[in-house]
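Tertiary structure, described
Each chain, written out:
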Amino acid sequence: MEIEHGEVTITVDKNIIIVKLEGAFNEFGAKKYTVGIKQIIDTFQGKPFSILINNLEVLGGTPEAYEELEKYNQWLNTQNLVAKAMVISSITTLDIINLLSPSRQSQQSKNFDNEEDAMQWLATLT
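Presented here is an overview of the structure given in this document. Nothing here was measured: the structure is a model prediction, and the numbers come from that model.

**Some points on the nonpolar core**
Residues Ile17, Val19, Leu21, Tyr33, Ile37, Phe49 and Ile51 are the most contacted members of the largest nonpolar core, which totals 25 residues. Looking at this core, the elements that each hand over two or more residues are strand E2 (16-25), helix H1 (27-43), strand E3 (49-61), helix H2 (63-76), strand E4 (81-87) and helix H3 (91-100). Setting aside chain neighbours within four positions, we find Ile37 in contact with Ile10, Ile17, Val19, Ile51 and Tyr72. Among the nonpolar cores identified, the runner-up in size contains 10 residues, and Ile16, Ala85, Val87 and Leu122 belong to it.

Structure (structure tokens):
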């Protein structure tokens, strides 16, 4: 039985995908997140897009969740991603994400402590 752990909210503002993640994620919660993003990206039909991820309420994830995240980021690197803004306050969580998802290094990415600054940065790029 697949029980998802971790809450995902995904919205779109023009060509910016806005994600809010909450809680502790297992692989099924991570898949819900990645599948949701992939479905939205498909609707852009190859047009450029950016992503804002609010991780302020993320408590962490299982090793399998981070494996799913790395596969997703590898796929994301083949798409027309302009930039990714991450709203995060936990240096430890950021260190874990960077360690377990090295494919993120290929992305134009910047970290913020609030969504407003993140959106402003993304708006200057798209």
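**Focus on the environment of Gly6**
Here Gly6 shows up in the segment before strand E1 (7-13). For Gly6, a relative accessible area of 15% gives the class buried. Sequence separation between Gly6 and Leu21 is 15 residues, and the spatial gap between their C-alpha atoms is 7.1 Å. The contacts of Gly6, once residues within four sequence positions are left out, are Glu22, Ala24 and Phe25.

**Some words on H1**
End to end, H1 covers 24 Å across 17 residues, agreeing with the expected 24 Å (1.5 Å per residue, within 8%). Along H1, the residues that are buried comprise Gly29, Ala30, Tyr33, Thr34, Gly36, Ile37, Ile40 and Ile41. Across the axial projection of H1, the buried residues extend over an arc of 155 degrees, all falling on one side. Facing away from the buried side of H1 by more than 90 degrees, the exposed set consists of Gln39, Asp42 and Thr43. Close packing links the buried residues of H1 with E1, E2, E3 and H2. One side-chain oxygen at the N-terminal end of H1 lies 3.1 Å from the backbone nitrogen of Phe28; it belongs to Asn26. Positive phi appears at Gln45, one or two residues downstream of H1, with a value of about 50 degrees.

**Some remarks on unusual backbone geometry**
For Lys14, which is not a glycine, the phi torsion comes out positive at approximately 60 degrees. For Lys14, the location among the structural elements is in the loop between E1 and E2. Positioned with a positive phi, Gln45 is a non-glycine residue whose angle comes to about 50 degrees. With respect to the helices and strands, the residue Gln45 is situated in the loop between H1 and E3.

**What about the packing of H1 against H2?**
Contact pair H1 / H2: the axes reach a minimum separation of 8 Å and the direction vectors enclose 15 degrees. Taken together, the axes of H1 and H2 are roughly parallel relative to one another. Handedness of the crossing formed by H1 with H2: right-handed. In contact with Glu27, Ala30, Lys31, Tyr33, Thr34, Ile37, Lys38 and Ile41 of H1, H2 contributes Glu64, Ala65, Glu68, Leu69, Tyr72, Trp75 and Leu76. Here the contact of H1 with H2 is built from residues that sort into 9 nonpolar, 1 polar and 5 charged.

What counts, and at which threshold
- Residues numbered from 1 in each chain as written.
- Predicted model: local features only at pLDDT ≥ 70, side-chain atom pairs only at ≥ 80, totals over all residues.
- Heavy atoms only, no water.
- Core = buried A, V, L, I, M, F, W, Y, C linked by side-chain atoms within 4.5 Å.
- Buried < 20%, exposed > 50% of the residue type's maximum accessible area, 1.4 Å probe, protein only.
- Helix = DSSP H or I, 4+ residues; strand = E, 2+ residues; numbered from the N terminus.
- Contact = heavy atoms within 4.5 Å.
- Expected span 1.5 Å × (residues − 1).
- Arc of directions from axis to C-beta.
- Polar contact = N/O pair within 3.5 Å; in protein donor to acceptor, adjacent residues only side chain to side chain.
- Axes fitted to C-alpha atoms, helices over the stretch in contact; angles between N-to-C directions.
- Parallel < 35°, antiparallel > 145°, perpendicular 65-115°, else oblique.
- Left-handed = near helix turned anticlockwise from the far one by under 90°.
- Nonpolar A, V, L, I, M, F, W, Y, C, P; charged D, E, K, R; others polar.

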